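Summary of structural features
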Amino acid sequence: MTQSAARKTLRDDRRDAGPDDAPSGVPDDDGGNAADGDDDGGTPTSDGDDGGIPASDGGIPASGDGASAPGGGGRRPRRRMLKWVAAVLALFLFGAAGAGYVYYRHLNGNIKQNPLNLGDNKVAEPTPNAAGQIPLNILLIGSDARDSKENQDLGGARETFGATPLADVQMLLHLSADRTNMSVISMPRDTLVQIPKCTDPEDGTVYEASNGRTLTNQSLGHGGPGCTVATWQELTGIHIDHFIMVDFAGVVAMADAVGGVPVCVDANILSRDSQGHGSGLKLPEGTHPVKGEQALQWLRTRYGFEDGSDLARAKAQHIYMNSLARELRENADLSNPNTLRRLAEEATRALTVDPGLDTVKKLYDLSNELGGVDPERITMTTMPNRYVGARVEPTEDAEQLFRLVREDIALDGKDEKPAQAGEAAAEAAMEERGTSSAEPAADDDRIAVQVVNGTRTDTLGAASGRASAVAGLLQEKGFTGATADTAGSLSEQLTLVRYPSADLKGNALRVAESLGVPESAVRQSTDVSGVTLVVGADWREGTAYKAPAQDYTMPESAKALNGADDSACMEVNPNYTWS
């Protein structure tokens, strides 16, 4: 598929394929071929400990022969793994091919859809590169919904049946504009964020923006997956093109359809303590296939894995998804019509997507796009975070990771061109077209700017008078609407310009340009009501801002895993082992 064809198929603002559009191999109209429950069984708490579906950290297939697992078990020799997401999307949807047009329409009817973004604010689309190519960002969501008999049969406290679902798994998949590399960022479900105002598309219920920070997994209950998309966009400044949401039953059914998913533990494990906490998972040391209830137990387990935190559970989910993709790719009996039919049925029933992905054809085309990336150019990460009590919050390194994705910089550091050259090419392309994704800026004397002192750090107090000094500097440059906020101070490592909505982005960029602040430091945020300059700790004195050298390396705290690595095995807590 060409890049232009891909964009035509996948982007919402382009042609939306109708329900009759079938993937290659599916007959067209004239008969030809068209080109979880709580770990302890109790009521779920607001921290979402009822978790467990696929991969808070995502999954990557690998290449080469796997090493033997600790303590025996071993792994079967494998062919080189390609296209991890393509395996998850394409292979279980490919059962539609050859099944007949009526059945294809039936599968389309299985797929549920919701609006893409339920928030009021929009994030501008990324600027095309010099070749006119645009990155693709997809939010993968795992829902703990128990609104069907299949999901209820998988366990959990009965009083949770039909309860408001939680977005217990959230992964942002970024496919580079040139389609040579892929980056995935997973966000722990216990991350504290501000959920923006969202409106339920079905009944018009308005969910006001959260008062302070709350758990990110609660965003799904604010009208649907479109609010989770809005929450991610507000936090990261990354434009999201699509979402795909899957539930418990779909993931477990896929495991059953492929005959089990091999997972590895470095010691015997029994996830159950004296008070009854735990998933009940019992496995001997080594590598063993799990399916059905045992697959769900693996996905839900915290007690017994490493430190018992949600981060440990996320790692286990990651291992599961790695292995599931391998099984779909290599070991599913794709010559068996019953297996294909079961995969297609379970996959489509388990999916909720945005309107841009609401047919088998669209999903199939997406899988082809994702499938072209070599595993060695896939980088899986977890959002850098720190504990706040029992919760976590993004760190400064998280913003660094978000910036790299916003600027379409490969996390593996293997871009053919230096990042600076890529930026220059993008700027040249914009000038050649004579257009910009931002609204034009107003005249300088008509731009209102609030200046806030953000120079406080963990070791230094706020530099006195910085808001007033920089507001005065702006006024001298002709921004007569610049005012200083002297009521308090913030703590920001870097100087930033924030704006609340897309119509003010041009003004924010103009303010940044006048001071020498890089465009990467201009960010949309619901924390402000107008263009706001936050004077960071990098500008504690003087009237000339010197932007720090741009860092294009991925932070170590992102805990990256390369797509060619297939050696992962869960560490078992000694308190949860057996003999």
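Residues take numbers from 1 onward in each chain, read along the sequence in its written order. The model is predicted, so local features are restricted to residues of pLDDT at least 70 and side-chain atom pairs to those at 80 or more, both for listing and for counting; the totals for chains, interfaces and linings are taken over all residues. Hydrogens are left out, water is left out, and the side-chain values use all remaining heavy atoms of the structure.

What follows covers the overall build of the protein chain. Secondary structure elements follow DSSP: runs of H or I no shorter than four residues count as helices, runs of E no shorter than two count as strands, and numbering proceeds from the N terminus. If you tally the helices and strands in the protein chain, you get 14 helices and 23 strands. With a 1.4 Å probe rolled over the protein chains alone, any residue whose accessible area is under 20% of its type maximum counts as buried; one over 50% counts as exposed, and the rest are partly exposed. For the protein chain, with 579 residues in total, the buried portion stands at 55%. Using a 1.4 Å probe, the Shrake-Rupley method yields the accessible areas, and only the shown protein chains count as cover for residues. Taken as a whole, the protein chain presents about 23400 Å² of accessible surface, with 47% of it coming from carbon and sulfur.

It is worth spelling out the pattern of salt bridges at this point. Here, a salt bridge means any side-chain nitrogen of Lys or Arg that lies within 4 Å of a carboxyl oxygen of Asp or Glu. Counted by the stated rule, this structure contains 19 salt bridges. Across the salt bridge formed by D358 and K362, the nearest N and O atoms sit 2.8 Å from each other. With a relative accessible area of 17%, D358 lands in the buried category. Here K361 makes a salt bridge to D365, at a shortest N to O gap of 2.8 Å. In this pair, K361 and D365 are both assigned in helix α10 (residues 360–370), four residues apart and thus about one turn of the helix distant.

Here the focus is the sheet that holds strand β22 (residues 532–535). Pairing between the strands of a sheet comes from backbone hydrogen bonds, and it takes one of two forms, parallel or antiparallel. The rule for pairing is simple: two strands pair if DSSP sees at least two bridges between them. Taken together, five strands build an open sheet; the order of strands is β19-β18-β22-β20-β21 and the sheet is mixed. On the outer flanks of this sheet lie β19 (482–489) and β21 (522–524), each paired with one strand and no other. When strand polarity is set aside, the average angle formed by the axes of neighbouring strands in this sheet is 25 degrees. The contact criterion used throughout is that any non-hydrogen atoms of two residues lie within 4.5 Å. Note on geometry: axes are lines fitted to C-alpha atoms, helical ones only across the stretch in contact, with angles between N-to-C directions running from 0 to 180 degrees. Here helix α14 (residues 505–515) sits on the sheet in contact with β18 (449–453), β20 (496–499), β21 and β22, set at roughly 165 degrees to β20.

By definition, disulfides here are pairs of cysteine sulfur atoms that lie within 2.5 Å. Tallied over the entire structure, the rule returns two disulfides. One disulfide bridge connects C264 with C569, the sulfur atoms lying 1.9 Å from each other. When the S-S torsion is -75 degrees, as for the bridge of C264 with C569, the disulfide is left-handed. One end of the pair, C264, is in strand β10 (residues 261–265); the other, C569, is in the segment after β23 (561–562), and 305 residues separate them in sequence. Accessibility assignment for this pair places C264 and C569 in one class, buried.

Let us now look at the environment of A482. If you trace the backbone, A482 turns up in strand β19. Spatially, the C-alpha atom of A482 lies 9.9 Å from that of D444, the residues being 38 residues apart in sequence. Every residue in contact with A482, bar those within four places of it in the chain, is listed here: V449, A471, L474 and Q475.

To continue, consider unusual backbone geometry. Of note in this structure, D408 is not a glycine but carries a positive phi near 60 degrees. With respect to the secondary-structure elements, D408 resides in the loop between α11 (396–406) and α12 (419–433). A relative accessible area of 22% places D408 in the partly exposed class. Phi is positive for K559, close to 50 degrees, though the residue is something other than glycine. Counting through the fold element by element, K559 comes out in the loop between β22 and β23.

So, on to the sheet that holds strand β2 (residues 136–143). Here we have eight strands laid out as an open sheet, ordered β1-β14-β9-β2-β3-β4-β15-β23, and mixed in their pairing. A strand with exactly one partner marks an edge of an open sheet, and here the two such strands are β1 (112–113) and β23. Bridging between β2 and strand β9 (residues 242–247) involves six bridges; their strand directions are parallel. Paired with G142 across the two strands is V246, which belongs to β9. Lying over the sheet, helix α6 (residues 248–257) contacts β2 and β9, oriented at roughly 75 degrees with respect to β9. Each of β2, β3 (167–175), β4 (182–186) and β15 (378–382) is contacted by α11, which is oriented at about 145 degrees to β4, the strand it contacts most.

Residues of helix α13 (residues 466–476) that are buried include every one of R466, A467, V470, A471, L473 and L474, and no others. Taken down its axis, α13 places every buried residue within 155 degrees of arc, on the same side. Among the structural elements, β18, β19, α14 and β22 are those in contact with the buried residues of α13. Positive backbone phi, approximately 105 degrees, marks G478, located one or two places after α13. Read the arc as the range of directions from the helix axis to the C-beta atoms.

Let us now look at the pairing of β20. Here β20 shows two buried faces, one formed by L496 and R498 and the other by V497 and Y499. Relative to β22, β20 runs antiparallel, the two sharing three bridges. Within the sheet, the bridge partner assigned to L496 lies in β22 and is V534. Where β20 and β21 come together, three bridges link them in parallel fashion. Bridging across to β21, R498 finds its partner in R523.

Every α-helix carries 3.6 residues per turn, so stepping three or four residues along brings you back to the same face. Residue count minus one, scaled by 1.5 Å, sets the expected span of a helix. Between the first and last C-alpha of helix α5 (residues 225–236) there are 17 Å, a value that for twelve residues agrees with the 16 Å anticipated at 1.5 Å per step. Counting buried positions over the twelve residues of α5 gives eleven, a clear majority of the element. Listed in full, the buried residues belonging to α5 are P225, G226, C227, T228, V229, A230, T231, W232, Q233, E234 and T236. Just beyond α5, the residue with positive phi is G237, at close to 70 degrees.

Another aspect to go through is the pairing of β19. As judged from the five bridges shared by β18 and β19, these two strands associate in the parallel manner. By the bridge assignment for β19, N453 is matched with S489. Looking down the strands as they point away from the viewer, one classifies a crossover as right-handed if the path from the first strand across the helix to the second runs clockwise. Taken together, β18, α13 and β19 constitute a β-α-β crossover, and its handedness is right-handed.

Turning our attention to the nonpolar core. If you look at the biggest cluster of nonpolar residues, it comprises 52 residues, and the most contacted ones within it are I138, I244, V265, L283, W298, F305 and Y320. Apart from the residues within four sequence positions on either side, I138 is in contact with M171, L172, L173, H242, F243, I244, L366 and L370. To qualify as a nonpolar core, a set must consist of buried Ala, Val, Leu, Ile, Met, Phe, Trp, Tyr and Cys residues joined through side-chain atoms within 4.5 Å. Grouped together as the second largest cluster of nonpolar side chains are 30 residues, I195, A230, W232 and I240 included.

It is worth spelling out the packing of aromatic side chains at this point. Within a pair of aromatic rings, the relevant descriptors are the distance that separates the centres and the angle that separates the planes. We call Phe, Tyr and Trp rings a pair once their centres come within 6.5 Å, taking the six-membered ring for Trp, and we label the pair stacked below 30 degrees between planes, edge-to-face above 60, and tilted otherwise. Across all of its chains, the model carries three aromatic pairs by this definition. Above the face of the W578 ring, K282 is positioned so that its terminal group lies 4.8 Å from the ring centre. It is R403 that lies over the ring of Y552; its NZ or CZ is 5.4 Å from the centre. We call a charge positioned above a ring when the Lys NZ or Arg CZ atom is no farther than 6 Å from the ring centre and deviates by at most 35 degrees from the ring normal.

On to the side chain of T228, then. With respect to the helices and strands, the residue T228 is situated in helix α5. Excluding anything up to four places from it in sequence, T228 contacts L139, I141, A167, Q170, S219 and L220.

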